[in-house]
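Understanding the architecture of this molecule
Next come the chains, spelled out residue by residue.
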Amino acid sequence: MNEPRRESPSGYHFWNLFQNCERKFQIKYVHGFQPLHTAPPLVFGAEYHEATANFYVTGGDENGSIDLFQENMAERQHEYRNQEYFARDYMRGPLLLRKWFEKHGHNDLKFYNILAIEEEIRPTLANGFIMTMRPDRIMESKIDGRIYIFDTKTSSFSVTVTQNEMRLGDQATSYLLGVERCYDFSPDGFQTDICYQNQSVIKCVRPDLVYRSDRDLREFEYGAVSKMAEISQKVKNLQKYPWYYLFSRNTQWCTSYAKPCEYADICRMDLGDVPPSGFKKDPWSDYEALMKASAHEIKDQIEVELV
């Protein structure tokens, strides 16, 4: 199994967490504390992605993709606090994959040319800020030549909630902008695969395509640069002020998924260098790298001209 993919300090999820809750951002990325166990949806979703990517790479090898999923899950069993959840995810993965192969996977191989699978791109935004992103796949229709970005989401909660997150959120916006900047073509839309399984109910849904106007892309770009400038300023001010004065708490985020945030019990603590009980230091956490990513690659003041 390869080393699990790391979140980039110049990626969408990095600064989007800052928008959602500055305090959680600070604990996770500046202190570098992470729970001893990984949230089951993160493990399951990551390995499901690996299996679907393998399906395309191998030209439709169902059994090999399922074997890969279960091998990777077995290697990550220790990340589950509750082993009953591991057993549930280990068994439901193949059921969900089989449904997806049948409904979408084989049809994709038949009707699309695959242009890229899990390929990292690094678009340069206004003011020189470089984002990193990795679209699941980019495919070109063999029928009309239109090019779409595809992203796979797994859920046991709600198809509708997941659909609205992608329709209204900016992950799709970031991918549409990034692909346009890094390839010699412009994507025609963003498509989400929502793979849902709860008890005996299994669904693989492709909602309506997501589109963004040129204005949407510009607004996102300038907003991203502005947010990174704010992060940069706060990180630099840690040299003068305590962290809890700089990174505010968003209590709406404490129960945003109908259960407490994994950092809820420690975000009011006076944290030091040693992780509190139930947490560990992320070995990949690098304060100097964070400083460079958030402060060095962009200027203190945004110098863009809005037309």
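Use the structure listed above.
Figured I'd write up the structure that's included with this text.

Each value, and the rule that gives it
Residues numbered from 1 in each chain as written. Predicted model: local features only at pLDDT ≥ 70, side-chain atom pairs only at ≥ 80, totals over all residues. Heavy atoms only, no water. Pairing = 2+ DSSP bridges. Helix = DSSP H or I, 4+ residues; strand = E, 2+ residues; numbered from the N terminus. Axes fitted to C-alpha atoms, helices over the stretch in contact; angles between N-to-C directions. Contact = heavy atoms within 4.5 Å. Patch = residues over 30% accessible without salt bridge, like charges linked within 9 Å, V, L, I, M, F, W, Y side chains within 5 Å. Areas by Shrake-Rupley, 256 points an atom, 1.4 Å probe, with all protein chains shown as cover. Salt bridge = Lys/Arg side-chain N within 4 Å of Asp/Glu carboxyl O. Expected span 1.5 Å × (residues − 1). Buried < 20%, exposed > 50% of the residue type's maximum accessible area, 1.4 Å probe, protein only. 1 Å grid on protein atoms, 1.4 Å probe; cavity = no way out; pocket = protein on both sides within 12 Å on 5 of 7 lines; lining within 4 Å. Points joined across faces, edges and corners; volume = space filled by probe spheres on them. Nonpolar A, V, L, I, M, F, W, Y, C, P; charged D, E, K, R; others polar. Lys, Arg positive; Asp, Glu negative; His and termini not counted. Charge placed at Lys NZ, Arg CZ, Asp CG, Glu CD. Bend = angle between axes of the 7 residues up to and from the residue. Polar contact = N/O pair within 3.5 Å; in protein donor to acceptor, adjacent residues only side chain to side chain.

This next bit is on the sheet that holds strand β3 (residues 137-141). A sheet is described by the order of its strands in space; here five strands give the open sequence β2-β3-β4-β5-β6, paired in mixed fashion. Here the strands that pair on one side only, and so sit at the sheet edges, are β2 (112-117) and β6 (201-205). Strand-to-strand twist in this sheet, taken as the mean axis angle between neighbours without regard to direction, amounts to 25°. Note: strand β4 (residues 147-155) against strand β5 (residues 189-198), eight bridges, orientation parallel. When the sheet's bridge partners are listed, Thr 154 is paired in β5 with Cys 195. Packing of helix α3 (residues 40-57) onto the sheet brings it into contact with β2, β3, β4 and β5, and relative to β4 it is tilted by some 140°.

This brings us to a nonpolar patch on the surface. Residues Tyr 241, Tyr 244 and Tyr 245 make up a contiguous nonpolar surface patch of about 380 Å² in total accessible area. Mapped onto the fold, Tyr 241 is located in the loop between α8 (214-237) and α9 (243-246).

Along its 18 residues, α3 runs 26 Å from first to last C-alpha, staying within 8% of the 26 Å computed at 1.5 Å per residue. When α3 is considered as a whole, its buried residues turn out to be Pro 40, Val 43, Phe 44, Gly 45, Glu 47, Tyr 48, His 49, Ala 51, Thr 52, Ala 53, Phe 55 and Tyr 56. Buried residues in α3 make contact with α4 (62-75), α5 (83-111), β2, β3, β4 and β5. Backbone geometry just downstream of α3 places Gly 59 in the positive-phi region, at approximately 75°.

What follows covers empty space enclosed by the protein. Per the stated rule, a full pass over the model turns up two cavities of 30 Å³ or more. For the largest cavity, the full set of lining residues is Cys 21, Arg 23, Lys 24, Trp 253, Cys 254, Cys 261, Tyr 263, Ala 264 and Cys 267. The residue makeup of the lining of the largest cavity, split by class, is seven nonpolar, no polar and two charged. Reported here for the second largest cavity is a volume of approximately 40 Å³. In terms of lining residues, the second largest cavity is bounded by His 49, Thr 52, Ala 53, Tyr 56, Ile 117, Glu 118, Asp 136, Arg 137 and Thr 152. Among the elements that make up the lining of the second largest cavity, the one with the highest residue count is α3 (four residues). For the lining of the second largest cavity, the residue count by class is three nonpolar, three polar and three charged.

Most of β5 sits out of view: nine of its ten residues are buried. The pairing of β5 with β6 spans five bridges and is antiparallel. Looking at β6, one finds that Ile 194 is bridged to Val 205. Counting the residues that bridge the hairpin from β5 to β6 gives two residues, and of these Gln 199 lies at a positive phi of roughly 55°.

You can see Asp 151 is positioned in strand β4. If we ignore the near neighbours within four places in the chain, the residues touching Asp 151 are Asp 136, Met 166, Gln 171, Tyr 175, Phe 190, Gln 191, Thr 192 and Asp 193.

Attention now moves to a negative patch on the surface. Taken together, the side chains of Asp 61, Asp 67, Glu 71 and Glu 75 define an acidic patch exposed on the protein surface. Examined against the element boundaries, Glu 75 turns out to sit in helix α4.

Below, the discussion takes up α5. Along its 29 residues, α5 runs 40 Å from first to last C-alpha, staying within 8% of the 42 Å computed at 1.5 Å per residue. Along its length, α5 shows its largest kink, about 55°, at Phe 101. Among all positions of α5, only Phe 86, Asp 89, Arg 92, Gly 93, Pro 94, Leu 96, Leu 97, Trp 100, Phe 101, His 104, Gly 105 and Asp 108 are buried. The elements touched by buried residues of α5 are α3, α4, β2, β3, β5 and β6. Residue Asn 82 occupies the N-cap position of α5, its side-chain oxygen lying 2.8 Å from the main-chain nitrogen of Glu 84.

Per the counting criterion, the structure on display carries 17 salt bridges. Glu 47 is the partner of Arg 76 in a salt bridge, and the nearest nitrogen-oxygen pair spans 2.8 Å. Within this pair, whereas Arg 76 is found in the loop between α4 and α5, its partner Glu 47 is found in helix α3, the two being separated by 29 residues in sequence. Here the salt bridges do not stand alone but share partners, grouping Asp 108, Arg 137, Asp 193 and Arg 206 into one network.

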